[in-house]
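A structural walkthrough
The chain contents come next:
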Amino acid sequence: MPLLMLKDLPRYECLLQAARRYPSLDPSATDAFLNLLRTGDEVFAAEAEFLAARGISQGRFTVLMLLNRGCETYSTPAALAEASGVTRATMTGLLDTLEKDRLTERQTDPNDRRTIHVTLTPKGQALIESLIPDYFRCVSGIMEPLDEVERTVLVSLLHKIQQGLAPLDLPEQADQPVPAGQSLELSEAVAELAPA
């Protein structure tokens, strides 16, 4: 699902002008942020298109890839939900459809009847094995413009952003009243800045 849905990003000059109107707007931070969102959207769309052309959703592919690791850590529905960043209810739905298509199966743990393990069936294993070579060619193609050093730097920079998200201290809406007529959602503010 796209995050930004903005075809044209604002020019840097527009961000500089907006910073005069919105003092909390850091032009270089906003420029980097919008480009990060735009790139994420385009990568997400490229992966979705690759998988759709092969008749599989991103959610189902993620589950199959996690199970393909052969790791006990990801064998319960709860662990699969956690690892893929979805709710347990969403995972249950994914597992229901994968099991219906005979790609996975759920079995009760003989030592603990409360625990259910999910495994790939031979059909599921064959499907994921058939997808993996082309999938990683697609991934390599997306990252091809960057050399090894640039990729390492990119990963390092993305880790810095991820670490910065954890302690992010945003003001509560209730604690920060906004004068009437001055409340703008990020998407509205960005759209306002987009080139005509």
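As for the pattern of salt bridges
Applying the stated criterion to the full structure yields 7 salt bridges. Among the ionic pairs, Arg60 bridges to Asp101, the shortest N-O distance being 2.8 Å. On the criterion of sequence distance, the pair formed by Arg60 in helix H3 (residues 58–68) and Asp101 in the loop between helix H5 (88–100) and strand S1 (104–109) is long-range, its members being 41 residues apart. Judged by its relative accessible area of 15%, Arg60 falls in the buried class. Taking the relative accessible area as the measure of exposure, Asp101 reaches 31% and is therefore partly exposed. Residues Glu148 and Arg151 are paired through a salt bridge, measuring 3.6 Å at the closest nitrogen-oxygen approach. Of this pair, Glu148 and Arg151 both sit in helix H7 (residues 148–165), separated by 3 residues, roughly a single helical turn. Glu148 gets classed as exposed once you look at its relative accessible area, which sits at 58%. A network of salt bridges, in which partner residues are shared, links Asp96, Glu99 and Arg106.

Some words on unusual backbone geometry
Phi at Arg102 is positive, roughly 60°, even though this residue is not glycine. Inspection of the secondary structure assignment puts Arg102 in the loop between H5 and S1. Here Arg102 falls in the exposed class, since its relative accessible area comes to 62%.

Quick word on the pairing of S1
Pairing of S1 with strand S2 (residues 112–120), which is carried by 6 bridges, proceeds in the antiparallel orientation. Among the inter-strand pairings, Arg106 is bridged to a residue of S2, identified as Val118. Taking the residues between adjacent antiparallel strands as the criterion, S1 and S2 are bridged by 2 residues.

A short note on the side chain of Asp109
Structurally, the position occupied by Asp109 is in strand S1. Within polar-contact distance, the side chain of Asp109 engages the side chain of His117 at 3.0 Å.

Some points on the environment of Ser75
Among the secondary structure elements, Ser75 is positioned in the loop between H3 and helix H4 (77–84). Classification of Ser75 as buried rests on a relative accessible area of 5%. For the pair Ser75 and Ile116, spaced 41 residues apart in the sequence, the C-alpha separation amounts to 8.0 Å. Setting aside its immediate chain neighbours within four residues, Ser75 contacts Ile116, His117 and Val118. For Ser75, the side chain forms a polar contact with the side chain of His117, separated by 2.7 Å.

Examining the nonpolar core
Grouped together as the largest cluster of nonpolar side chains are 21 residues, with contacts concentrated most on Phe61, Val63, Leu64, Leu80, Met91 and Leu95. Only helix H2 (27–52), H3, H4, H5, S2 and helix H6 (122–143) provide two or more residues apiece to this core.

Description of the layout of surface pockets
Approximately 790 Å³ is the volume attributed to the second largest pocket. Leu36, Thr39, Gly40, Val43 and Phe44 are the residues nearest the centre of the second largest pocket, which is lined by 23 residues in total. For the lining of the second largest pocket, the secondary structure elements donating two or more residues are H2, H6 and H7. In terms of residue count, H2 provides more of the lining of the second largest pocket than any other element does, 11 residues in total. Of the residues in the lining of the second largest pocket, the class split is 17 nonpolar, 2 polar and 4 charged.

About the cut-offs
- Residues numbered from 1 in each chain as written.
- Predicted model: local features only at pLDDT ≥ 70, side-chain atom pairs only at ≥ 80, totals over all residues.
- Heavy atoms only, no water.
- Salt bridge = Lys/Arg side-chain N within 4 Å of Asp/Glu carboxyl O.
- Helix = DSSP H or I, 4+ residues; strand = E, 2+ residues; numbered from the N terminus.
- Buried < 20%, exposed > 50% of the residue type's maximum accessible area, 1.4 Å probe, protein only.
- Pairing = 2+ DSSP bridges.
- Polar contact = N/O pair within 3.5 Å; in protein donor to acceptor, adjacent residues only side chain to side chain.
- Contact = heavy atoms within 4.5 Å.
- Core = buried A, V, L, I, M, F, W, Y, C linked by side-chain atoms within 4.5 Å.
- 1 Å grid on protein atoms, 1.4 Å probe; cavity = no way out; pocket = protein on both sides within 12 Å on 5 of 7 lines; lining within 4 Å.
- Points joined across faces, edges and corners; volume = space filled by probe spheres on them.
- Nonpolar A, V, L, I, M, F, W, Y, C, P; charged D, E, K, R; others polar.

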